[in-house]
Amino acid sequence: MSAYGPIETVKVYGWLLDNAGKPVVGKRVEAFATKEEIFHITKKASIHRSVIATTTNSDGYWELDIISTDDIIPVETKYIFRFGERDSYIAAVPKEQSEYNFADLDYDVGWE
């Protein structure tokens, strides 16, 4: 079960690599909504913002289960992703599988 309880989530995942293409191991990866209070459209539930976090494994792989931005309001809500000491990046997380590339990081990210 996700950190949000019985509310449906999507899996966001990726690989964190250094400039040489080697895995960054044991780095904290976290995501949190850009809005303090969000509301789940279909479950009609108010959700207080929380940080969902994990660490990269020996391959630099990480995954997080978060609520799709398609299912929450305010509609302009996105997620802030933070990777260790690197900068934060803001992205929407749609329900459908897609890829998102943070241009100055050497890793791939997608969700299912």
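We now turn to the structure provided with this report. What you see is a predicted model; the values in this text were computed from it and never measured.

Cut-offs used in this document
- Residues numbered from 1 in each chain as written.
- Predicted model: local features only at pLDDT ≥ 70, side-chain atom pairs only at ≥ 80, totals over all residues.
- Heavy atoms only, no water.
- Helix = DSSP H or I, 4+ residues; strand = E, 2+ residues; numbered from the N terminus.
- Buried < 20%, exposed > 50% of the residue type's maximum accessible area, 1.4 Å probe, protein only.
- Polar contact = N/O pair within 3.5 Å; in protein donor to acceptor, adjacent residues only side chain to side chain.
- Contact = heavy atoms within 4.5 Å.
- Patch = residues over 30% accessible without salt bridge, like charges linked within 9 Å, V, L, I, M, F, W, Y side chains within 5 Å.
- Areas by Shrake-Rupley, 256 points an atom, 1.4 Å probe, with all protein chains shown as cover.
- Salt bridge = Lys/Arg side-chain N within 4 Å of Asp/Glu carboxyl O.
- Pairing = 2+ DSSP bridges.
- Phe/Tyr/Trp six-rings, centres within 6.5 Å; stacked < 30°, edge-to-face > 60°.

Turning to the side chain of T77, a few remarks are in order. Relative to the assigned elements, T77 resides in the loop between β7 (72-73) and β8 (79-83). Looking at T77, the relative accessible area reads 2%, which means it is buried. A distance of 2.6 Å separates a polar atom in the side chain of T77 from the backbone oxygen of P74. Here T77 is in contact with A33, T34, K35, I38, T69 and I72, once residues within four sequence places are set aside.

Turning our attention to a nonpolar patch on the surface. A surface patch of nonpolar side chains, about 340 Å² in accessible area, is lined by F39, I41, I73 and V75. Inspection of the secondary structure assignment puts V75 in the loop between β7 and β8.

One can find F32 in strand β2 (residues 28-33). Note on F32: relative accessible area 11%, which makes it buried. Apart from the residues lying within four places of it in its own chain, the contact partners of F32 are R49, S50, V51, K78, Y79, I80 and R82.

Here we come to the sheet that holds strand β3 (residues 37-40). In spatial order, the strands read β4-β3-β7; together these 3 strands make up an open sheet with antiparallel pairing. The strands lining the two open edges of the sheet, one partner per strand, are β4 (45-48) and β7. Where β3 meets β4, 4 bridges bridge the pair, whose relative direction is antiparallel. Residue pairing in the sheet places F39 in a bridge with S46 of β4.

So, on to the packing of aromatic side chains. Within this structure, the stated rule accounts for 5 aromatic pairs. An aromatic cluster is present here, built from Y13, W15 and Y61 joined pairwise through their rings.

Right, let's get into the pattern of salt bridges. In this structure the tally under the stated criterion is 7 salt bridges. One salt bridge connects R82 with E30, and the closest N-O pair in it is separated by 2.7 Å. One end of the pair, R82, is in strand β8; the other, E30, is in strand β2, and 52 residues separate them in sequence. Across the salt bridge formed by E36 and R49, the nearest N and O atoms sit 2.5 Å from each other. Of this pair, E36 sits in the loop between β2 and β3 while R49 sits in the loop between β4 and β5 (52-55), and the two are 13 residues apart along the sequence. Residue E36 is classed as partly exposed on the basis of its relative accessible area, which comes to 39%. Classification of R49 as partly exposed rests on a relative accessible area of 28%. Sharing partners across several salt bridges, the network here consists of K11, E63 and D65.

Honestly, it's all geometry; don't read function into it.
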